[in-house]
Amino acid sequence: MTTDRDARTHLRADERTLRKQRRTVTLGSAFREFVRHPTPWMIAAFLAASAAAKVTVGDWVWTDALVPVVMILSFPLAEWLIHVFILHWRPKVLGRITVDSLLSRKHREHHADPRSIPLIFIPWQVLCGVLPLALILGLFAFGRVGLGLTFMVTLGVLGLIYEWTHFLIHTDYKPKSGLYKATWRHHRFHHYKNEHYWFTVTTSGTADRVLRTNPDPESVEKSPTAKNLHAL
């Protein structure tokens, strides 16, 4: 029969093993886990096809340099807007219909269990709609196919950066650079301190600073709903 003392001994042993496993998380082991999931491959395929098409079509002009600059500078704001108004959408009941997207449902699950790896990624079902839409925009919304392809290539790069950064933050890989450590802390405050602040993922103190959602963490109370968005 297992005694209470034996149980505590086993528990301490398990905890030591877990701490050891966490210390052995490297960029390489994290990357091997990252590529086991479908959405990085979907975005990478979109990027590769867009880049190949851009090289084939050519049509290089000065605006091909302007588009990436504008997209990179505006990306933190896009993250903030998507996070606040789509991912943190509160379900609305209209008669017999509940308006609640897959993205917002999955994001609530992600907040409930931030360490669940499948919930870290953009749902593949969402990419099945977003990537064709990006293709249509790239081909018809820029007035020049070459410029639209530049948009698509940049979007693919930013998409991979977002997926990798978000994934890595939620692993046990420990920050080594000051820039990544700031980004890591920023997003973890959102999950473990208060979900009403710190909405950017790939940067810290950018759009959140401009939009006043980047307070001193010591001045913010721990939210009781950080793991249960909207207390649902």
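What you are looking at is a predicted structure, and each value in this text was computed from that prediction instead of being measured. (Residues numbered from 1 in each chain as written. Predicted model: local features only at pLDDT ≥ 70, side-chain atom pairs only at ≥ 80, totals over all residues. Heavy atoms only, no water.)

**Brief notes about the UniProt feature "domain: Fatty acid hydroxylase" (unreviewed entry) in the protein chain**
Here the UniProt feature "domain: Fatty acid hydroxylase" (unreviewed entry) sits at residues 69-213. Secondary structure content for residues 69-213 is 63% helix and 4% strand, and the end C-alpha separation is 24 Å. (UniProt positions renumbered as here; feature names shortened; annotations may be inferred. Helix = DSSP H or I, 4+ residues; strand = E, 2+ residues; numbered from the N terminus.)

**Quick look at the packing of helix α6 (residues 124-140) against helix α7 (residues 145-169)**
Where α6 contacts α7, the axes come no closer than 6 Å and their chain directions differ by 150°. Relative to α7, the element α6 is oriented roughly antiparallel. Of the residues in α7, those touching α6 at Ala134, Leu135, Leu137, Gly138 and Leu139 are Val145, Gly148, Leu149, Phe151, Met152 and Leu155. Residue composition of the contact of α6 with α7, by class: 9 nonpolar, 2 polar and no charged. (Axes fitted to C-alpha atoms, helices over the stretch in contact; angles between N-to-C directions. Parallel < 35°, antiparallel > 145°, perpendicular 65-115°, else oblique. Contact = heavy atoms within 4.5 Å. Nonpolar A, V, L, I, M, F, W, Y, C, P; charged D, E, K, R; others polar.)

**What about the nonpolar core?**
Counting residues in hydrophobic clusters, the biggest one holds 15 residues, and the most contacted among them are Phe46, Val67, Met71, Phe151 and Met152. When contributions to this core are tallied by element, the ones reaching two or more residues are α3 (38-57), α4 (63-87), α6 and α7. The element best represented in this core is α7, accounting for 6 residues. Look past the residues within four positions of Val67 in its chain and what remains in contact with it is Leu147, Thr150 and Phe151. Ile120, Phe121, Leu168 and Tyr180 belong to the second-largest nonpolar core, a separate cluster that totals 10 residues. (Core = buried A, V, L, I, M, F, W, Y, C linked by side-chain atoms within 4.5 Å. Buried < 20%, exposed > 50% of the residue type's maximum accessible area, 1.4 Å probe, protein only.)

**Comments concerning the UniProt feature "transmembrane region" (unreviewed entry) in the protein chain**
Within this numbering scheme, the UniProt entry marks residues 68-87, 117-142 and 148-169 as carrying the feature "transmembrane region" (unreviewed entry). A helix fraction of 100% and a strand fraction of 0% characterise residues 68-87, whose end C-alpha atoms lie 25 Å from each other. The span residues 148-169 shows a helical share of 100% and a strand share of 0%, and its end C-alpha atoms are spaced 31 Å apart.

**A short note on the side chain of His190**
Position of His190 among the secondary structure elements: in helix α8 (residues 178-192). What makes His190 buried here is its relative accessible area of 0%. Within the structure, His190 has its side chain in polar contact with the side chain of His111 (distance 3.2 Å). Not counting the four nearest positions on each side in its chain, His190 is found in contact with His83, His88, His107, His111, Glu195, Tyr197, Trp198 and Phe199. (Polar contact = N/O pair within 3.5 Å; in protein donor to acceptor, adjacent residues only side chain to side chain.)

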